[in-house]
Amino acid sequence: MSQPAAQDDPRRAIPRTDALLALDEVAQARSRLAEAAVVDVVKAVTGRARRGELAPEEVAAAVVSALDSTRPSTQTPVLNATGVIVHTNLGRAPLSDAAVAAIADAAGYVDVELDLDTGVRSKRGTGTRAALLSACPAAEDALAVNNGAAALVLATTALAAGREVIVSRGELVEIGAGFRLPDLIASTGARLREVGTTNRTHLADYADAIGPDTGCLLKVHPSNFRVSGFTAGVDVRHLGELARSRSVPLVVDLGSGLLAPDSTLPDEPDAATTLRDGADLTTASGDKLLGGPQAGIILGRTEYVQRLAKHPLARAVRIDKLALAALEATVAGPIPPVAAALHADPQRLEARAETLAAAVGGAVVAHDGRVGGGGAPGVPLPGFAVRLPESVARPLRLGTPAILARVHDGATLIDLRCIPENDDARVADAVRAALAGQ
Ligand SMILES: *Cc1c(COP(=O)(O)O)cnc(C)c1O
């Protein structure tokens, strides 16, 4: 077989790299993407054309379309079809539109520490503090920091460094990925004084341990596990009375971050009730059940919140302006996606699953959602899923949009609880494409 004559070679018609880089749309993409990423896209597309997978006249459009779907960060948006609401591997809480808009506003120069009226420096985070206090009137004061772990470290450092933190043995939990509360507290220079046993701790155990070296009492919500059977713990009300009578502060680590009670999760502690019951400080996480950005929320009595705010460590765990803006918008604004997913109506979930199953095939099955992120372990959230062959899970993850489904019992289960309803059509398209490519 002879090679085609050079002048007949269709590859000669493939646009040159420098001509493609000079296209208007490509120039625009260069303000959004790294130069190397743009060049990589151009080379990948021209490579396909040279291999005959693309006609030369299609190259320019293919470059533009590939650049459109190239992202400035390696983080790929994922549709969460697992039914797990606070999904640790997917960045925990998806933000509300209000929080996203607040982040966009705060992305440039912003008056985070400036009074535009007087032109002089102002205090950081006053709007977020006001939103938190309005959402949790039981708190006298509020402080937001980098995350829940930082809130706990700041509290134990400011109240108990060089002294003792009295805590029940049954609450010394690992909060995920090998991070253990006892290690975290020990790293602050406070000494842990463990009281009680793994399954039972009584008020007298705390009372006997309090002495001149006590920095604070600490109660931890053991988010991701539950001891059952012959157990006893001391509730916040009794601990609060003891703490007051002995003049030591009581800190309660809520973990998940409900500001007020939620009837869907009757056993999940919330900041308002905990403070009313007698805690001096509560610490919580912004991106668990609160449904906001990564943040640590400290609520409680002014005296203690201010002691934390003035501690030098507060500067090292300071929350950034983007999270500060998103936290305010989450707390003050419309209900965030996490709350919507938590309270999703099972009938509506079933109807959406039926529509999806009708579009792609597959059976609708009952499927419980979960709070996730260590919150409300063992609490099922009644719902539905579409059951598909197990082998479709990977193409779904690798598709556009990427979809993470639950692989269980030899099947792929698509649960729409954590997917905004207006994305249902995109899910159906992606599932059809993934099934077709099988
Ligand atoms: C998750 C959790 C934390 C840590 O909060 P982050 O926001 O993840 O830093 C602390 N304590 C408890 C009980 C938790 O569940």
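Owing to the predicted nature of the structure, the values given are computational and were not obtained by experimental measurement. (Residues numbered from 1 in each chain as written. Predicted model: local features only at pLDDT ≥ 70, side-chain atom pairs only at ≥ 80, totals over all residues. Heavy atoms only, no water.)

**Some details on the sheet that holds strand β1 (residues 78–81)**
Phase 1: Taken together, the 5 strands give an open sheet; going across it, the order is β1-β15-β16-β14-β12, and neighbouring strands pair in mixed fashion. A strand with exactly one partner marks an edge of an open sheet, and here the two such strands are β1 and β12 (363–366). Along the sheet, successive strands turn relative to each other by an average axial angle of 40 degrees, direction set aside.
Phase 2: Bridge analysis of β12 against strand β14 (residues 384–389) gives 4 bridges, and the strand direction is antiparallel. Paired with Ala-366 across the strands is Phe-384, a residue of β14.
Phase 3: Together, β12, β14 and β16 (411–414) form the strand contacts of helix α16 (residues 346–360), whose direction differs from that of β14 by roughly 25 degrees. (Pairing = 2+ DSSP bridges. Helix = DSSP H or I, 4+ residues; strand = E, 2+ residues; numbered from the N terminus. Axes fitted to C-alpha atoms, helices over the stretch in contact; angles between N-to-C directions. Contact = heavy atoms within 4.5 Å.)

**Comments concerning the packing of helix α3 (residues 35–50) against helix α4 (residues 59–68)**
Phase 1: Contact geometry for α3 and α4: axes closest at 9 Å, N-to-C directions at 140 degrees. When the axes of α3 and α4 are compared, the pair comes out oblique. As for the relative orientation of α3 and α4, their crossing is right-handed in sense. Residues Val-38, Val-41, Val-42, Val-45, Thr-46 and Ala-49 of α3 form the contact with α4, whose participating residues are Val-59, Ala-62, Val-63, Ala-66 and Leu-67. (Parallel < 35°, antiparallel > 145°, perpendicular 65-115°, else oblique. Left-handed = near helix turned anticlockwise from the far one by under 90°.)

**Some words on the environment of Arg-32**
Phase 1: Summarising the element assignment, Arg-32 is placed in the loop between α2 (24–29) and α3.
Phase 2: With relative accessibility at 37%, the residue Arg-32 sits in the partly exposed group.
Phase 3: Between the C-alpha atom of Arg-32 and that of Thr-70, which follows or precedes it by 38 residues, the distance is 9.6 Å.
Phase 4: If sequence neighbours within four positions are ignored, Arg-32 has contacts with Leu-67, Asp-68, Thr-70 and Pro-72.
Phase 5: Within the structure, the side chain of Arg-32 is placed 3.0 Å from the backbone oxygen of Thr-70, a separation counted as a polar contact. (Buried < 20%, exposed > 50% of the residue type's maximum accessible area, 1.4 Å probe, protein only. Polar contact = N/O pair within 3.5 Å; in protein donor to acceptor, adjacent residues only side chain to side chain.)

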